[in-house]
Amino acid sequence: MMEMTERANLGVRMKHLLLLEDELPLREIFRITIEMLDRKIKLHEFGKADDAVPFIKERWEDINLYVLDIRVPGDLDGFGLAKEIRSVDKDTPIILTSAFAKPPKTELDEYNIKWMAKPWHLMEIPDKIVPLMSDDAKDEVKDDTETD
(Lines give C-alpha, C1' and ligand atoms only; values in the text may rest on other atoms or scores of the structure.)
Protein backbone atom coordinates (compact mmCIF):
# COMPACT_ATOMS: atom_id res chain seq x y z
CA MET A 1 0.00 0.00 0.00
CA MET A 2 1.31 3.45 -0.91
CA GLU A 3 2.29 5.89 1.82
CA MET A 4 0.76 9.35 1.89
CA THR A 5 4.00 10.92 0.61
CA GLU A 6 4.02 8.57 -2.38
CA ARG A 7 0.43 9.53 -3.20
CA ALA A 8 1.36 13.20 -2.92
CA ASN A 9 4.16 12.63 -5.39
CA LEU A 10 1.62 11.16 -7.81
CA GLY A 11 -0.48 14.32 -7.58
CA VAL A 12 -3.23 12.73 -5.48
CA ARG A 13 -4.47 15.15 -2.83
CA MET A 14 -5.75 13.34 0.24
CA LYS A 15 -8.85 14.73 1.92
CA HIS A 16 -9.36 14.41 5.65
CA LEU A 17 -12.66 13.65 7.35
CA LEU A 18 -12.96 13.62 11.14
CA LEU A 19 -15.68 11.36 12.53
CA LEU A 20 -16.80 11.62 16.15
CA GLU A 21 -18.98 8.59 16.93
CA ASP A 22 -18.95 6.57 20.14
CA GLU A 23 -20.82 3.55 18.75
CA LEU A 24 -18.32 1.19 17.11
CA PRO A 25 -20.81 -0.46 14.70
CA LEU A 26 -21.80 2.96 13.32
CA ARG A 27 -18.13 3.95 12.96
CA GLU A 28 -17.50 0.74 11.03
CA ILE A 29 -20.48 1.34 8.71
CA PHE A 30 -19.30 4.89 8.12
CA ARG A 31 -15.67 3.78 7.51
CA ILE A 32 -16.66 1.07 5.03
CA THR A 33 -18.94 3.47 3.16
CA ILE A 34 -16.21 6.13 2.95
CA GLU A 35 -13.59 3.59 1.80
CA MET A 36 -15.92 2.42 -0.98
CA LEU A 37 -16.83 6.00 -1.85
CA ASP A 38 -13.36 7.48 -2.29
CA ARG A 39 -9.93 6.05 -1.50
CA LYS A 40 -8.54 9.60 -1.32
CA ILE A 41 -10.48 10.31 1.87
CA LYS A 42 -8.51 9.69 5.06
CA LEU A 43 -10.93 9.02 7.92
CA HIS A 44 -9.85 10.05 11.43
CA GLU A 45 -12.12 8.32 13.97
CA PHE A 46 -12.76 9.31 17.58
CA GLY A 47 -15.18 7.93 20.17
CA LYS A 48 -14.91 10.91 22.55
CA ALA A 49 -14.82 14.62 21.75
CA ASP A 50 -12.19 15.08 24.46
CA ASP A 51 -9.86 12.74 22.53
CA ALA A 52 -10.44 14.58 19.25
CA VAL A 53 -9.53 18.04 20.62
CA PRO A 54 -5.70 17.62 20.57
CA PHE A 55 -5.83 16.19 17.03
CA ILE A 56 -8.03 19.06 15.83
CA LYS A 57 -5.82 21.68 17.46
CA GLU A 58 -2.82 20.26 15.64
CA ARG A 59 -4.42 19.44 12.27
CA TRP A 60 -7.53 21.64 11.83
CA GLU A 61 -6.14 23.22 8.65
CA ASP A 62 -5.92 19.77 7.00
CA ILE A 63 -9.47 18.65 7.83
CA ASN A 64 -12.02 18.96 5.01
CA LEU A 65 -15.13 17.83 6.89
CA TYR A 66 -16.27 17.08 10.45
CA VAL A 67 -19.08 14.60 11.19
CA LEU A 68 -19.88 14.84 14.89
CA ASP A 69 -22.30 12.79 16.98
CA ILE A 70 -23.85 15.04 19.61
CA ARG A 71 -24.17 12.52 22.45
CA VAL A 72 -20.75 11.07 23.22
CA PRO A 73 -19.04 10.23 26.53
CA GLY A 74 -16.70 12.70 28.19
CA ASP A 75 -16.74 16.31 29.32
CA LEU A 76 -17.39 17.71 25.85
CA ASP A 77 -20.24 16.68 23.56
CA GLY A 78 -20.32 16.91 19.76
CA PHE A 79 -22.07 20.28 19.69
CA GLY A 80 -19.56 21.69 22.17
CA LEU A 81 -16.78 20.40 19.93
CA ALA A 82 -18.41 22.04 16.91
CA LYS A 83 -18.43 25.37 18.77
CA GLU A 84 -14.73 24.96 19.62
CA ILE A 85 -13.95 24.16 15.99
CA ARG A 86 -15.81 27.31 14.88
CA SER A 87 -13.66 29.41 17.22
CA VAL A 88 -10.62 28.62 15.04
CA ASP A 89 -12.16 27.50 11.75
CA LYS A 90 -15.18 29.34 10.37
CA ASP A 91 -15.26 27.59 6.98
CA THR A 92 -14.79 23.83 7.14
CA PRO A 93 -18.15 22.02 6.86
CA ILE A 94 -19.51 20.42 10.01
CA ILE A 95 -22.33 17.89 10.14
CA LEU A 96 -23.95 17.17 13.51
CA THR A 97 -25.73 13.87 13.91
CA SER A 98 -27.86 12.24 16.57
CA ALA A 99 -30.72 9.80 17.08
CA PHE A 100 -32.11 12.20 19.65
CA ALA A 101 -33.42 15.75 19.41
CA LYS A 102 -32.15 18.01 16.67
CA PRO A 103 -30.64 21.27 17.95
CA PRO A 104 -32.67 24.39 17.15
CA LYS A 105 -32.21 25.66 13.60
CA THR A 106 -31.10 29.03 14.99
CA GLU A 107 -28.13 27.36 16.71
CA LEU A 108 -27.23 25.30 13.65
CA ASP A 109 -27.35 28.48 11.55
CA GLU A 110 -25.36 30.50 14.09
CA TYR A 111 -22.46 28.04 13.91
CA ASN A 112 -22.93 27.19 10.23
CA ILE A 113 -23.62 23.50 10.88
CA LYS A 114 -25.54 20.94 8.82
CA TRP A 115 -27.74 18.18 10.28
CA MET A 116 -27.88 14.44 9.52
CA ALA A 117 -30.35 12.45 11.65
CA LYS A 118 -29.66 8.92 12.81
CA PRO A 119 -30.13 6.21 11.94
CA TRP A 120 -27.98 6.78 8.90
CA HIS A 121 -28.90 5.05 5.69
CA LEU A 122 -25.98 3.79 3.63
CA MET A 123 -27.13 5.75 0.60
CA GLU A 124 -27.51 8.92 2.66
CA ILE A 125 -23.83 9.05 3.67
CA PRO A 126 -22.49 9.63 0.14
CA ASP A 127 -25.29 12.11 -0.63
CA LYS A 128 -24.36 14.21 2.41
CA ILE A 129 -20.58 13.74 2.34
CA VAL A 130 -19.53 14.03 -1.33
CA PRO A 131 -20.74 17.62 -1.87
CA LEU A 132 -19.05 18.74 1.35
CA MET A 133 -15.71 17.11 0.47
CA SER A 134 -15.32 19.10 -2.75
CA ASP A 135 -12.56 21.67 -3.07
CA ASP A 136 -15.11 24.54 -3.05
CA ALA A 137 -17.11 23.23 -0.09
CA LYS A 138 -15.58 25.73 2.33
CA ASP A 139 -16.88 28.54 0.13
CA GLU A 140 -20.32 26.93 -0.21
CA VAL A 141 -20.81 25.84 3.41
CA LYS A 142 -23.16 28.77 4.07
CA ASP A 143 -26.10 27.17 2.22
CA ASP A 144 -29.28 26.38 4.09
CA THR A 145 -29.47 23.82 6.88
CA GLU A 146 -31.84 20.97 6.05
CA THR A 147 -34.71 20.11 8.30
CA ASP A 148 -35.08 16.51 9.38
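Structure first, text after, so check above.
Residues numbered from 1 in each chain as written. Predicted model: local features only at pLDDT ≥ 70, side-chain atom pairs only at ≥ 80, totals over all residues. Heavy atoms only, no water.

> Whenever I open this one, the overall build of the protein chain confuses me. Can you help?
In terms of helices and strands, the protein chain carries 7 helices and 5 strands. Along the protein chain, helices (α) and strands (β) appear in the sequence α-β-α-β-α-β-α-β-α-β-α-α when read from the amino end. The buried share of the protein chain, taken over its 148 residues, is 45%. Here the analysis covers contacts within the protein chain between residues at least 6 apart in sequence; of these, 68% occur between residues at least 24 apart. About 8,400 Å² of surface is accessible on the protein chain, with carbon and sulfur atoms providing 52% of the total. (Helix = DSSP H or I, 4+ residues; strand = E, 2+ residues; numbered from the N terminus. Buried < 20%, exposed > 50% of the residue type's maximum accessible area, 1.4 Å probe, protein only. Contact = heavy atoms within 4.5 Å. Areas by Shrake-Rupley, 256 points an atom, 1.4 Å probe, with all protein chains shown as cover.)

> Help me understand the sheet that holds strand β2 (residues 41–46), please; the structure alone is not making it clear to me.
Each strand in a sheet pairs with its neighbour through backbone hydrogen bonds, running either in the same direction (parallel) or in the opposite one (antiparallel). Ordered by their spatial adjacency, 5 strands build an open sheet running β2-β1-β3-β4-β5, and the pairing between neighbours is parallel. At either end of the open sheet lies a strand with only one pairing partner, and these are β2 and β5 (114–117). The mean inter-strand angle of the sheet, taken between neighbouring strand axes irrespective of direction, is 20 degrees. Lying over the sheet, helix α3 (residues 49–59) contacts β1 (15–20), β2 and β3 (63–69), oriented at roughly 140 degrees with respect to β2. Here helix α4 (residues 78–88) sits on the sheet in contact with β1, β3 and β4 (94–98), set at roughly 155 degrees to β3. (Pairing = 2+ DSSP bridges. Axes fitted to C-alpha atoms, helices over the stretch in contact; angles between N-to-C directions.)

> Sorry if this is basic, but what is going on with the pairing of β3 here?
Regular strands show a simple pattern: their side chains alternate between the two faces of the sheet. Summarising burial for β3: 7 of the 7 residues are buried, a large majority. Where β3 lies against β4, 4 bridges are found, and the strand directions are parallel. Residue pairing across strands places Val67 opposite Ile95, the latter belonging to β4. Taken together, β3, α4 and β4 constitute a β-α-β crossover, and its handedness is right-handed. (Right-handed = clockwise from strand over helix to strand, strands pointing away.)

> Which parts of the structure should I look at to understand the nonpolar core?
Generally speaking, soluble globular proteins have nonpolar side chains that are buried together. If you look at the biggest cluster of nonpolar residues, it comprises 23 residues, and the most contacted ones within it are Leu18, Ile56, Tyr66, Leu68, Leu81 and Leu96. Only β1, α3, β3, α4 and β4 provide two or more residues apiece to this core. Here this core gets 5 residues from one element, more than from any other, and that element is α3. With residues near it in sequence (within four places) discarded, Tyr66 still touches Leu18, Ile56, Trp60, Ile85, Asp89, Thr92, Pro93, Ile94 and Ile95. Counting 16 residues, the second largest nonpolar core, distinct from the first, contains Ile34, Ile125, Leu132 and Met133. (Core = buried A, V, L, I, M, F, W, Y, C linked by side-chain atoms within 4.5 Å.)

> I tried to follow the side chain of Glu124 on my own but got confused; where do I start?
Its place among the elements puts Glu124 in helix α6 (residues 124–132). This buried residue, Glu124, is left without a salt bridge; Lys128 holds the nearest opposite charge, at 4.6 Å. Not counting the four nearest positions on each side in its chain, Glu124 is found in contact with Met116, Ala117 and Pro119. (Lys, Arg positive; Asp, Glu negative; His and termini not counted. Salt bridge = Lys/Arg side-chain N within 4 Å of Asp/Glu carboxyl O.)

Shape is all these values report; function is a separate question.
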